[in-house]
There are 4 protein chains.
Amino acid sequence: MSHNTFGHLFRVTTFGESHGVALGCVVDGCPPGIPVTAADIQAELDRRKPGQSRFTTQRREPDQVRILSGVFSDDRTGDRQLTTGTPIALEIENTDQRSKDYSEIRDSYRPGHADYAYDAKYGIRDYRGGGRSSARETAARVAAGAIARRVLPEGVTIRAALVQMGPHAVDRSRWDWDEVANNPFFCPDATMAAFYETYLDGIRKDGSSIGAVIEVVADGVPPGLGAPIYGKLDADLAAAMMSINAVKGVEIGDGFASAALRGEDNADEMRSGNAGAPTFLANHAGGVLGGISTGQPIVCRFAVKPTSSILTPRMSVTRDNRDVNLVTRGRHDPCVGIRAVPVAEAMMACVLADHYLRHRGQVGERG
Amino acid sequence: MSHNTFGHLFRVTTFGESHGVALGCVVDGCPPGIPVTAADIQAELDRRKPGQSRFTTQRREPDQVRILSGVFSDDRTGDRQLTTGTPIALEIENTDQRSKDYSEIRDSYRPGHADYAYDAKYGIRDYRGGGRSSARETAARVAAGAIARRVLPEGVTIRAALVQMGPHAVDRSRWDWDEVANNPFFCPDATMAAFYETYLDGIRKDGSSIGAVIEVVADGVPPGLGAPIYGKLDADLAAAMMSINAVKGVEIGDGFASAALRGEDNADEMRSGNAGAPTFLANHAGGVLGGISTGQPIVCRFAVKPTSSILTPRMSVTRDNRDVNLVTRGRHDPCVGIRAVPVAEAMMACVLADHYLRHRGQVGERG
Amino acid sequence: MSHNTFGHLFRVTTFGESHGVALGCVVDGCPPGIPVTAADIQAELDRRKPGQSRFTTQRREPDQVRILSGVFSDDRTGDRQLTTGTPIALEIENTDQRSKDYSEIRDSYRPGHADYAYDAKYGIRDYRGGGRSSARETAARVAAGAIARRVLPEGVTIRAALVQMGPHAVDRSRWDWDEVANNPFFCPDATMAAFYETYLDGIRKDGSSIGAVIEVVADGVPPGLGAPIYGKLDADLAAAMMSINAVKGVEIGDGFASAALRGEDNADEMRSGNAGAPTFLANHAGGVLGGISTGQPIVCRFAVKPTSSILTPRMSVTRDNRDVNLVTRGRHDPCVGIRAVPVAEAMMACVLADHYLRHRGQVGERG
Amino acid sequence: MSHNTFGHLFRVTTFGESHGVALGCVVDGCPPGIPVTAADIQAELDRRKPGQSRFTTQRREPDQVRILSGVFSDDRTGDRQLTTGTPIALEIENTDQRSKDYSEIRDSYRPGHADYAYDAKYGIRDYRGGGRSSARETAARVAAGAIARRVLPEGVTIRAALVQMGPHAVDRSRWDWDEVANNPFFCPDATMAAFYETYLDGIRKDGSSIGAVIEVVADGVPPGLGAPIYGKLDADLAAAMMSINAVKGVEIGDGFASAALRGEDNADEMRSGNAGAPTFLANHAGGVLGGISTGQPIVCRFAVKPTSSILTPRMSVTRDNRDVNLVTRGRHDPCVGIRAVPVAEAMMACVLADHYLRHRGQVGERG
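In the annotation of an unreviewed UniProt entry, the entry for chain A reads Chorismate synthase, and the organism field reads Methylobacterium gossipiicola. According to the UniProt record, the Sequence similarities (unreviewed entry) comment for chain A is "Belongs to the chorismate synthase family." Under the heading Subunit (unreviewed entry), UniProt records this for chain A: "Homotetramer."

So this is what it looks like as structure tokens:
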């Protein structure tokens, strides 16, 4: 939406810096009566948690979530903890905040990071670990996404995977969703995952980093979610994904490839289907036409740039405009795209939950 | 933002269907004292107007804009017509509405169009010419964009160009902004423009259509526009561009190419510059870091799918779920991406104007 | 909401000045399939129209509404004109714009009017007839309200009445809703209406004006509309009524009188009722508790100050800060509260329609 | 705004129930570089804190605030703790939560409370201490208000006072702002404060409660804040005050009394003043005309109903619709209006801060 809030009816406001006291979010507008426990949310957070393999940052962030409000365990409802329809506040304390030595980035702008941009905007910035611009904020998104998933109607499945690392894309003929949990890259192609292991080790040892492409797919989304013009489902998805740290491009369905297509090859043909709805014979559209879901799988991909923090010295300037050469030491992800996978699912869930409620508001239960 | 409104402080609400009485928009939150005349707006509309070459639809839509409110010509201010700070309503009457024969699309869903999605959502749809999902709505955006340009500080230049048609991209070494006005494709590469002429003629004669990629660049944007997380400048740009009809992908700076880059190659290095601000040695970031402008040119690209209305019969279904083969007759753009060029500029202008006011609100005149 | 838009899901954006080309509104988020014709809207507008008695301004404003978009008449649905779920734009051309002589208010600030405030804010103002601050804008609200009424579930009745003019309040024991249509004051007390006739004639002949209190009641509103804290139904009603021209106070239920009550006298007791819901034994709360409707009638009252345009000379200053004595000539309402009655109904309808959709969004059809 | 968020540029989202883990708020959009410490906020909270006299609830709520994010203490800025422009999260743990015995209100609806309304809306409710509808939520508002005050330009003073208890209004000729801190009622009239002491003791001993009227005044507000129509300053104030627990009416300036006035007596006359701005000779308008501040003191009053929790048995029903007689035991404020005084100041501060930023956004530093 704006500022640090996204969503319209299912609204998430996040707060917190990398090295502040705590980060978290307020989820407002959640329907009542939905079972939500800290353990449910923790399970999602644990997927995103760093330090789970040598391919993600070695910071230890236990990321323990605490629910501050908005749920209630009532003996009248069998003691299950349910949402009450009021704001759900989630808090994650920051624990591993080695704040000691930030003198270098305090006074210099790390290339590729938002350091200069924040200073240019605000004239002040919490430089510790990137402050508000740190990818740590995405923990709050994942927590909110865990709730969003439960808001969606049964039958909606949201899954994401890493489909390209550097120039190396997965082979879609080998795509296996079950494989995603079997390797540290969330990669659906076991062969390519094995290759990534060697590949990323090389990059890591070089003190370098590499970009990636993530694909997120929502199956079982009913047709009719979205709205014309600026309420388009794909416009909201584009904003949601682009708002993730380091994302530089977003596409729906065939995306940029559709620029090279002719009309005959792009428009998804239909045949009469069961239950009165058409069966689509292809899904170039990625499940969205005119900004509204068609009932096909919603397919969204986004590009993540390489981590800007690398060990090769880079030219930069100081706050007082002096030249400097900078090495960004510290514990960093060689491929920050990996940890964007659970974040992608969370953002898809939040966008869909919001549109699900918006659609129900305008059109009613039986759109 | 949501529904049919975009922007937060500079807010544009559009209305109107392809074959309704009129379309237009309300621009709310515009600063006062800005010179705006119908002629200024008309000049922008005329760039988008169809029927200007054989490569765009032959519909005649004079697209005459009328200002209904929000401006005032005061002899105290030398009779110039200025914005008053109150809502500016713009109206474009629909004139060439050959509504006679829509029986075919009334009952059948055109593949690639939003026909089925609208019916699934609303249960009713103005099927004439695509109704609300028609690209005619973009006329209202161009009109709003003409005002947005005047809101931006002096020195901001917004220009767009078609940089790829089908698989054929321009040669960037031949890029010449002046060339854009010299060919019917808004193409900055004269050689490629000549090629497109032949190429698109072939596609047009086949009764087919083709996709395209548009690039929009804003020069002179001050650093500091944007906001963290969901108020990110690039997230809003992504939503704005994705909300244009037929757009399937958006990228900023290096975009999807950055997935293949290593950290050393991606982060834009800096040297001390004049006026206390760093000079960037490259612009892989496309002028946005952490969601905030850096002062570098803002570079955004998006992919437009081929027009779905083609003369080759396509398989489809009727409203009552019977199989049908469909040819979309009528006057259509063989490459709808061409007319998206002025729309891209308008959306960039609206997003920047909104963020300019938002930044001024939060941080003050001297950010 | 903000700026010139109100509502969250049922959103109304109004535009237009007293003497501009046209005024109107865009109603966004309206559910599809609702029968709306220009004649329906016109009927509401005619109730507000000036010049219907000697007690309202003698300006002739035919206030003919035109629907520009968002409705569709489909032979598949029996040719009824229905909303499509897309933005409904309504336009009322300004016709009786005697713009000739505004030299006096062009340069001087009329006491009690917004002239100085607008200049202080914007530095420019359309001074003709009050510009944007003219009560003419309320025509757009009435038009939107006509649609909002149709959005509400069957059984909701919204009625307003003038309950006090100057110090003279109606006798509630004589309250008869049918009487409201029988006198030019929308007064539910026939005896008092007869008195007002003489009373207001005196004020009118003095070249003076007088304040009033309006009461608006919504019967049949289901329990559960509203939301905690800043989404409170009564907070939105307060904003909606206070946003009407010349309104200086709003109250719900017992309102200010509740300050003088003891706890025993204020809280509405309950007994078990039919259909599983409690029967309330009183309605001090005016149908809203904790910001949420209780199923009781929603009762809202507001105070309208006397028209500031009077024939007695008043002390004022010019734009360039010179003392001046001012008489506001022209055709004015001696009691502007009278014409606020249909506006009150419209605002109540818009607020309830918005909350009805919001509730349905969060909680579903069967809350 | 909506849901649990208010404000547009200066946005406050509150969360938390009476007996949950914690309550608090996220303040988003705050300008950077503003000194804010927990001690500053605590000072405001302590004014609202219960248990400070025998006239407020004897619950012990230490209401210790913790700043979780959005501020930074930088040795480059002399170690002062400043806002960074990113979301400021404030948290107050709930400590005195005697949750043991809520069996009575778990199953029965307390008259005058939101119990039934919440159940009707959500079908579930945290019944402990009123849950989300508890006045405890106003602690979060006071915390946010402490920040809002610092956002406003120097010279703005916001003060509130209790001006009526039961039928007993203060004598305005004895008004002394300094007196407000000298009695437990925030009463500006020492004589009346002495009377209230006896009066409220009587009501308290009866196990009853009483209503009140609060007046909040903002001096030094620059002209030009506010916006036409639904962005009116007084409409936002009305919503803000009405959103406070137990408030049933709001008025600006003369408010309801203006209904009885004639035009000559109501419109504030002007004479040429210093600094090019008019001097107003009266302030019937309460500092707002056409929804925009005039530079005069902004005067707002609201009525607070008597606490609904009293010791006299009241008729009610249970959740399963059986008749019951109910006494609301516990520690309650005999006049909940008293503690609304600091809340009123906070809401005024939040509304003004938001409009100050909005105005600066649209019109610039030098409107």
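*Asks:* What is the right way to read the overall build of chain A from this model?
*Replies:* A tally of regular secondary structure across chain A gives eight helices and 18 strands. Computed over its C-alpha atoms, the radius of gyration of chain A comes to 21 Å, within 12% of the 21 Å expected for a compact globule of 367 residues. By its C-alpha atoms, chain A is 65 × 55 × 40 Å across when sized along the principal axes. Classification of the 367 residues of chain A by burial places 69% in the buried group. The long-range fraction of contacts in chain A, counting pairs at least 24 apart against all pairs at least 6 apart in sequence, stands at 69%. Summed over its atoms, the accessible surface of chain A is roughly 10800 Å², and 48% of this surface lies on carbon and sulfur atoms. The positive charge centre, built from 42 side chains, and the negative charge centre, built from 45, are 4 Å apart in chain A.

*Asks:* Explanation requested: the interface of chain B and chain A in the structure shown.
*Replies:* Note: interface size is frequently given as the accessible area lost on complex formation between the parts. Taken together, the contact pairs 115 residues of chain B with 115 residues of chain A. Across the chain B/chain A interface, buried area totals approximately 9100 Å², and carbon plus sulfur atoms make up 58% of it. Looking only at chain B, the three residues that lose the most surface to chain A are B:K121, B:Y230 and B:K248, adding up to 10% of its buried area. Applying the counting rule to chain B against chain A returns six salt bridges. We note a salt bridge from A:R262 to B:D206, for which the minimum N-O separation is 2.9 Å. Viewed at the interface, chain A and chain B are joined by 54 residue pairs in polar contact (both at pLDDT 80 or more). Take the side of chain B that touches chain A: its biggest share by element is seven residues, from helix α6 (residues 233-242) of chain B. Residues of the side of chain B that touches chain A, tallied by class, amount to 54 nonpolar, 39 polar and 22 charged. Note that strand β11 (residues 247-252) of chain A and strand β11 (residues 247-252) of chain B share three bridges and pair antiparallel. Bridge pairing links A:G249 to B:E251 in β11(B).

*Asks:* When you look at the UniProt feature "binding site: NADP(+)" (unreviewed entry) in chain A in this model, what are you seeing that I'm missing?
*Replies:* Residues and elements named next belong to chain A. In the UniProt entry, the feature "binding site: NADP(+)" (unreviewed entry) is given for R48 and R54. Of note, R48 is situated in helix α1 (residues 38-48). Topologically, R54 is positioned in the loop between α1 and β4 (65-67). R54 sits in the partly exposed class, given a relative accessible area of 39%. For R54, the residues in contact, after removing those within four places along its chain, are E197, D201 and R204.

*Asks:* Please clarify how the interface of chain C and chain B should be interpreted in this entry.
*Replies:* Contacts between chain C and chain B engage 49 residues on the former and 49 residues on the latter. Between chain C and chain B the total buried area reaches about 3900 Å² when both faces are included, carbon and sulfur atoms providing 57% of it. Between the two partners, chain C and chain B, sit four salt bridges. For B:R66, the salt bridge identified is with C:E93, shortest N-O distance 3.1 Å.

*Asks:* Hey, could you run me through the relation of the copies chain C and chain B in this one?
*Replies:* Both copies of the chain are placed relative to one another by a rotation about an axis and a shift along it. Note on the copies: chain C fits chain B at an RMSD of 0.0 Å, the axial shift is 0.0 Å, and the rotation between them is 180°. The superposition operator between the copies reduces to a two-fold rotation axis.

*Asks:* It is not clear to me how the sheet that holds strand β3 (residues 22-28) of chain B should be interpreted in this structure. Could you clarify?
*Replies:* Neighbouring strands of a sheet are bound in pairs by backbone hydrogen bonds; such pairs are parallel or else antiparallel. Residues and elements named next belong to chain B. Here we have five strands laid out as an open sheet, ordered β1-β2-β3-β7-β4, and antiparallel in their pairing. The sheet terminates laterally at β1 (5-6) and β4 (65-67), the two strands that pair on one side only. As paired strands, β1 and strand β2 (residues 11-15) are joined by two bridges and run antiparallel to one another. Bridging across to β2, T5 finds its partner in T13.

*Asks:* Hey, could you run me through the environment of B:I338 in this one?
*Replies:* Residues and elements named next belong to chain B. Mapped onto the elements of the fold, I338 is located in the loop between β18 (323-326) and α8 (340-363). For I338, a relative accessible area of 1% translates into the label buried. Considered as a pair, I338 and R159 are 179 residues apart in the sequence and their alpha carbons are 14 Å apart. Non-local contacts of I338, meaning those with residues more than four positions away in its chain, are made with F55, T56, L162, M165, P184, F185, F186 and L200.

*Asks:* What exactly am I supposed to notice about the sheet that holds strand β16 (residues 298-304) of chain C here?
*Replies:* One open sheet accounts for ten strands, arranged β9(C)-β8(C)-β10(C)-β16(C)-β11(C)-β11(D)-β16(D)-β10(D)-β8(D)-β9(D); its pairing is antiparallel. Taken across any chain shown, the strands that pair with only one partner, and hence form the sheet edges, are β9 (168-169) of chain C together with β9 (168-169) of chain D.

Conventions and cut-offs
- Residues numbered from 1 in each chain as written.
- Chains lettered and ligands numbered in written order.
- Predicted model: local features only at pLDDT ≥ 70, side-chain atom pairs only at ≥ 80, totals over all residues.
- Heavy atoms only, no water.
- UniProt positions renumbered as here; feature names shortened; annotations may be inferred.
- Helix = DSSP H or I, 4+ residues; strand = E, 2+ residues; numbered from the N terminus.
- Rg over C-alpha atoms; globule rule 2.2 N^0.38 Å.
- Buried < 20%, exposed > 50% of the residue type's maximum accessible area, 1.4 Å probe, protein only.
- Contact = heavy atoms within 4.5 Å.
- Areas by Shrake-Rupley, 256 points an atom, 1.4 Å probe, with all protein chains shown as cover.
- Lys, Arg positive; Asp, Glu negative; His and termini not counted.
- Charge placed at Lys NZ, Arg CZ, Asp CG, Glu CD.
- Buried area = accessible area lost by both parts, 1.4 Å probe.
- Salt bridge = Lys/Arg side-chain N within 4 Å of Asp/Glu carboxyl O.
- Polar contact = N/O pair within 3.5 Å; in protein donor to acceptor, adjacent residues only side chain to side chain.
- Nonpolar A, V, L, I, M, F, W, Y, C, P; charged D, E, K, R; others polar.
- Pairing = 2+ DSSP bridges.
- Least-squares fit on C-alpha atoms with pLDDT ≥ 70 in both.

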